[in-house]
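Architecture at a glance
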Amino acid sequence: MLIRILIAASLLLLLWVLLSGHLGILLLSLGIASGLLVAWLIHRLALQSPNFNTLYFSLNLPRFLPWFFLEVVRSNLDVSWRILHPKLPISPNTSTVSTSKLNDVATTTYANCITLTPGTYTLNVDDQTIEVHSLTQETAEKLQQGKMKERISVLQGRLNTS
Amino acid sequence: MFTTAFIAILVVMFVLLLRVALGPTIFDRILAINTFGTAIVLLIALFGFLTARPDFLDIALLYALINFISTIAVLKLFRHDSLGKSVDE
Amino acid sequence: MFVVSWILLVLGSVFCLIGTLGLMRLPDFYTRVHAASIIDSLGAILILLGLITQSQDPLVIIKLILILLFMMLTGPTAVHALAHTAVLSEKNRASDQNSEHPQEP
């Protein structure tokens, strides 16, 4: 537990140094104090999920982000085209996608990624499903194929099966 | 070059205010205000570059965080009629 | 580098303008959220990338990346909270109307 707090505090100290850009003794000691305080507050919030490997997740993120960025660009172009089209070719609908085999953090990541790509956003998150509102029928069908879910389940690793 | 983007963002903000004034439901208004916050962050960052003073980026960073908290606070007030209750109740 | 930055800034502005156009054109709240998320995602990403390619100071670049990171984390959360609250209030209103109807003579 103490190790977790110390790791979080040193990461926060790194953020402090990057934001301030000064390395004086006074500022550094203030940074260490506030880093420890915030790390303790985060620990008190008990946000850490038990079956989640932060290191594995972070190391795999660079493989996920370029694909996700391309996906964001593609869906942006699609939605922009539909807005600029004089007839507004949209068919709004809601559907559900399953989040089985994803842990808490992966489910949150999945929901956020769905919302971040224009054309789809999450309305409701349950234990097993996410309710999605899509601008068109095609985007809903594309989401149902589950390519994004596959990528995110690779991200979380296969440490946990519960 | 920064001026082009600056003017574009100003136009965006004007239209967003129009949506705030028109918006039939309260959610349209909150959505427009939330997006308005995003536009303000971009505007502050652009202004910092326009006047060659990178200090403005710190303000933009803070505004990005405060914008999120204000949206959540307004939504919580709307849903529970109070800021004190926990979400689970 | 200068040309790249210029292209990114102009493209970002164009996407922001398209997003606002959608915000005015689309028919109801649930579809307008899609238009707003264009500004939140690609508009913000492209403008901030344009500023990143423009700056030389590493601290400035780090700050811009942090702004981008915070926006990408908080934006979807706020939009989800908004949509969730909208759905809940619509359901509440529907159930209110249903319970009011039998009382009417």
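First things first, this report covers the structure right here in the doc. Predicted model, so just to flag it, every value in this text is computed and none were measured.

What counts and how
- Residues numbered from 1 in each chain as written.
- Chains lettered and ligands numbered in written order.
- Predicted model: local features only at pLDDT ≥ 70, side-chain atom pairs only at ≥ 80, totals over all residues.
- Heavy atoms only, no water.
- Helix = DSSP H or I, 4+ residues; strand = E, 2+ residues; numbered from the N terminus.
- Rg over C-alpha atoms; globule rule 2.2 N^0.38 Å.
- Buried < 20%, exposed > 50% of the residue type's maximum accessible area, 1.4 Å probe, protein only.
- Contact = heavy atoms within 4.5 Å.
- Areas by Shrake-Rupley, 256 points an atom, 1.4 Å probe, with all protein chains shown as cover.
- Expected span 1.5 Å × (residues − 1).
- Buried area = accessible area lost by both parts, 1.4 Å probe.
- Salt bridge = Lys/Arg side-chain N within 4 Å of Asp/Glu carboxyl O.
- Polar contact = N/O pair within 3.5 Å; in protein donor to acceptor, adjacent residues only side chain to side chain.
- Pairing = 2+ DSSP bridges.
- Axes fitted to C-alpha atoms, helices over the stretch in contact; angles between N-to-C directions.
- Parallel < 35°, antiparallel > 145°, perpendicular 65-115°, else oblique.
- Left-handed = near helix turned anticlockwise from the far one by under 90°.
- Nonpolar A, V, L, I, M, F, W, Y, C, P; charged D, E, K, R; others polar.
- Core = buried A, V, L, I, M, F, W, Y, C linked by side-chain atoms within 4.5 Å.

On to the overall build of chain C, then. Within chain C one finds three helices and zero strands. Secondary structure elements of chain C, listed N to C terminal, follow the sequence α-α-α. Taking 105 residues into account, the globule formula puts the C-alpha radius of gyration at 13 Å, and chain C, at 20 Å, lies well above it. Expressed along its principal axes, the backbone C-alpha trace of chain C runs to roughly 75 × 30 × 10 Å. Counting across all 105 residues of chain C, residues that qualify as buried make up 56%. Intrachain contacts of chain C at a sequence separation of at least 6 include 60% that bridge at least 24 residues. Accessible area for chain C stands at about 4700 Å²; split by element, carbon and sulfur atoms hold 68% of it.

Attention now moves to unusual backbone geometry. Here the phi dihedral of Leu88(A) falls at roughly 50°; this positive angle occurs in a residue that is not glycine. Counting through the fold element by element, Leu88(A) comes out in the loop between α3 (54–84) and β1 (93–98). Within the chain, Ala52(B) stands out as a residue other than glycine whose phi angle is a positive 55°. Mapped onto the elements of the fold, Ala52(B) is located in the loop between α2 (26–50) and α3 (56–80). With relative accessibility at 62%, the residue Ala52(B) sits in the exposed group.

All names here are of chain B. Here α2 spans 35 Å end to end across 25 residues, near enough to the 36 Å set by a 1.5 Å rise per residue. By the criterion of burial, α2 is predominantly enclosed, with 20 of the 25 residues buried. Positive backbone phi, approximately 55°, marks Ala 52, located one or two places after α2.

Right, let's get into the interface of chain C and chain B. Size of an interface: often given as the accessible area lost when the parts come together. Taken together, the contacts link 40 residues of chain C with 39 residues of chain B. Both sides of the chain C and chain B interface together cover about 3600 Å² of buried area, and 83% of this is carbon and sulfur. Scanning the region where chain C abuts chain B turns up two salt bridges. A salt bridge links Asp28(B) to Arg32(C); the shortest N-O distance between them is 2.5 Å. At the junction of chain C and chain B, the tally comes to four residue pairs in polar contact (both at pLDDT 80 or more). Of all the secondary structure elements, the ones that give two or more residues to the side of chain C that touches chain B are α1 (2–25), α2 (29–54) and α3 (58–103) of chain C. Residue contributions to the side of chain C that touches chain B peak at 18 residues, all from α3(C).

Residue and element names in this part refer to chain A. Side chains Asn 93, Ser 95 and Val 97 of β1 all project onto a buried face; the interleaved residues Thr 94, Thr 96 and Ser 98 project onto a face where none is buried. Note: β1 against strand β3 (residues 129–134), six bridges, orientation antiparallel. Of the residues in β3, the one forming a bridge with Thr 94 is His 133.

All names here are of chain B. Running from amino to carboxyl end, helix α1 (residues 2–22) crosses α2 at an angle of 160°, the nearest separation of the two axes being 9 Å. As far as their axial angle goes, α2 and α1 are roughly antiparallel. Crossing hand, α1 versus α2: left-handed. For the contact of α1 with α2, the residue count by class is 22 nonpolar, two polar and two charged.

Another aspect to go through is the nonpolar core. Core analysis: the biggest nonpolar cluster contains 87 residues, and Ile9(B), Leu46(B) and Leu51(C) have the highest contact counts within it. If one sorts the elements of this core by residue count, α2(C) sits on top with 15 residues. Sequence-distant contacts of Leu46(B), defined by excluding residues within four places in its chain, comprise Phe2(B), Ala5(B), Phe6(B), Ile9(B), Leu9(C), Ile47(C) and Leu51(C).

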